[in-house]
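Chain residues, written in single-letter form:
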Amino acid sequence: MLKNAVRFVRTFIDIFNGNRLTRAAAALSYYMTMTFFPVVIVLYTLLGNSYDKAMRIVAFAENLMAEETVSYIRDFLGYVAANNSTAMMIAGLTVLVTSASAAIRSMQFTIGDAQGGMRFQGIWGFIVSILISLLLIVAVYFGMVVMNKLNELLPFIDISQSWNHMRFVILGGIMFLLIWGVYEYPKRKTDTYHTFPGAILSTLALVGVSIAFSAFIGASVKYSLVYGSLASIILLMMWLYTSSTVIYCGMALNLTIRDFKPEPRIKKTEETEQE
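Residue indices begin from 1 for each chain and proceed along its sequence in written order. Residues qualify for local features only when their pLDDT is at least 70, as the model is predicted, and side-chain atom pairs are given and counted only at 80 or more; totals for whole chains, interfaces and linings, by contrast, use all residues. Neither water nor hydrogens contribute to the side-chain values; these are computed over all heavy atoms in the structure.

(A) The overall build of the chain, seen in detail. Put simply, DSSP H or I for four residues or longer makes a helix, DSSP E for two residues or longer makes a strand, and each gets a number counted from the N terminus. Scanning the chain from N- to C-terminus turns up 11 helices and 0 strands. Going through the 275 residues of the chain one by one, you find that 44% of them count as buried. Contacts: residue pairs with any heavy atoms within 4.5 Å of one another. For the chain, contacts bridging at least 24 residues in sequence account for 79% of all contacts bridging at least 6. Accessible surface area values rest on a Shrake-Rupley calculation with a 1.4 Å probe, where residue burial reflects the displayed protein chains alone. Carbon and sulfur atoms provide 65% of the accessible area of the chain, an area that totals close to 15,700 Å². The rule is simple: take the accessible area with a 1.4 Å probe, protein chains only, and divide by the maximum for that residue type; under 20% is buried, over 50% is exposed, in between is partly exposed.

Okay, here's the thing in structure tokens:
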């Protein structure tokens, strides 16, 4: 049992290191940073240019991001609210589609290389990455609407006391669906391995790591003294890099389960025991 556990961990490490997933996570965090602020612009517009609704959404990130980053997002939303226009919406959507599709392609290439091939290649891979990036923003918007309207949809249930816990359950469910989709879409028709284990682990780890990261940053020294005005962006990139690493760890777990073959237990025969 212990020997198989050690072999399982070694297989996981070989897959993680062999595919250079830390470097892939750094590339993904870069694209996600480029995507983050256009997402804010587009979602703000989809929410009906409502600053109050946007602030309620930001409240969900208070326990997941560093205080400096959340404060920076609030300031950015204030800027968007004061300068909102059709041109800003078009520019935000353009940057969103290009940077988000680049992030999708980055994940597709990484997962494809790790699993031995990918489903969509060439021009089809480019088109699918754009479609998936649009689908993801729709899914995020839908999740935001659900979180905003929960009290109205369930007026007969008093959730005021438990909302702080329920929001993480709702957020975790949305994150699970998104991560599971990220693992599923690069799979080829010949790939029959399951992606639920990695999606579940990544979802739980992502919420836990984000909360721990926020608490650690909050208890640490003021990063603004070290990085100045860039502190909020650097902390955001650190959080996105950590999140990207967790996502790739879930992918590596799926492939480890696929490739791992436990050593068979050798049963001694009566003749062997007599000898």
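This is not the end of the story, as more comes after the structure.
(B) Spatial organisation of the packing of helix α5 (residues 86–115) against helix α10 (residues 231–259). In this description, a line fitted to the C-alpha atoms serves as the axis of each element, helices being fitted only across the stretch in contact, and the angle between N-to-C directions of two axes falls anywhere from 0 to 180 degrees. Across the interface, α5 lies against α10 with an axial gap of 11 Å and an inter-helix angle of 25 degrees. Put simply, α5 runs roughly parallel to α10. In this structure, the crossing between α5 and α10 has a hand that is right-handed. Contacts between α5 and α10 involve Ser106, Met107, Thr110, Ile111, Ala114 and Gln115 from the former and Tyr248, Met251, Leu255 and Arg258 from the latter. Partitioning the contact of α5 with α10 into residue classes produces 6 nonpolar, 3 polar and 1 charged. Any angle from 65 to 115 degrees is called roughly perpendicular, while one under 35 is roughly parallel, one over 145 is roughly antiparallel, and all others are oblique. Crossing chirality is assigned from the near helix's rotation relative to the far helix, an anticlockwise turn below a right angle marking it left-handed and a clockwise turn marking it right-handed. Only Asp, Glu, Lys and Arg are considered charged, only Ala, Val, Leu, Ile, Met, Phe, Trp, Tyr, Cys and Pro nonpolar, and every remaining residue, Gly among them, polar.

(C) Looking closely at the packing of aromatic side chains. Any two of the Phe, Tyr and Trp rings considered here, Trp counted by its six-membered ring, make a pair once their centres fall within 6.5 Å; the pair's planes then place it as stacked at under 30 degrees, edge-to-face at over 60, or tilted in between. The final tally for this structure, using the stated rule, is 5 aromatic pairs. Summarising the aromatic geometry, the rings of Trp180 and Phe196 are spaced 5.2 Å apart at their centres and angled 25 degrees between planes, so their arrangement reads as stacked. Within this pair, whereas Trp180 is found in helix α7 (residues 163–184), its partner Phe196 is found in helix α8 (residues 196–219), the two being separated by 16 residues in sequence. Residue Phe196 is classed as partly exposed on the basis of its relative accessible area, which comes to 39%. Within the aromatic cluster, the residues linked to one another by ring pairs are Phe176, Trp180 and Phe196. One cation-aromatic arrangement involves Lys187 over Tyr193; the distance from NZ or CZ to the ring centre is 4.9 Å. Consider the ring centre and the ring normal. A charge sits over the ring if Lys NZ or Arg CZ is within 6 Å of that centre and within 35 degrees of that normal. Between Arg258 and the ring centre of Tyr193, over which it is positioned, the NZ or CZ distance is 5.5 Å.

(D) Layout of a nonpolar patch on the surface. Put simply, a patch holds well-exposed residues, over 30% relative accessible area, that have no salt bridge, with like charges counted together within 9 Å and Val, Leu, Ile, Met, Phe, Trp or Tyr side chains within 5 Å. Only one rule defines a salt bridge in this text: a Lys or Arg side-chain nitrogen within 4 Å of an Asp or Glu carboxyl oxygen. A cluster of nonpolar side chains, contributed by Ile123, Trp124, Phe126, Ile127 and Leu131, occupies part of the molecular surface with about 540 Å² of accessible area. Along the chain, the position of Leu131 falls in helix α6 (residues 122–153). Looking at Leu131, the relative accessible area reads 54%, which means it is exposed.

(E) Quick peek at α5. Taking 1.5 Å as the rise per residue, α5 with 30 residues should run 44 Å; its terminal C-alpha atoms sit 42 Å apart, in good agreement. One or two positions beyond α5, positive phi appears at Gly116, with a value near 100 degrees. Here a helix's expected span is defined as the number of its residues, less one, multiplied by 1.5 Å.

(F) Examining the packing of helix α2 (residues 21–46) against α5 more closely. Their axes nearest at 8 Å, the elements α2 and α5 cross at an angle of 155 degrees. On the basis of their axis angle, the class for α2 and α5 is roughly antiparallel. In this structure, the crossing between α2 and α5 has a hand that is left-handed. Across the contact of α2 with α5, the residue classes break down as 19 nonpolar, 6 polar and no charged.

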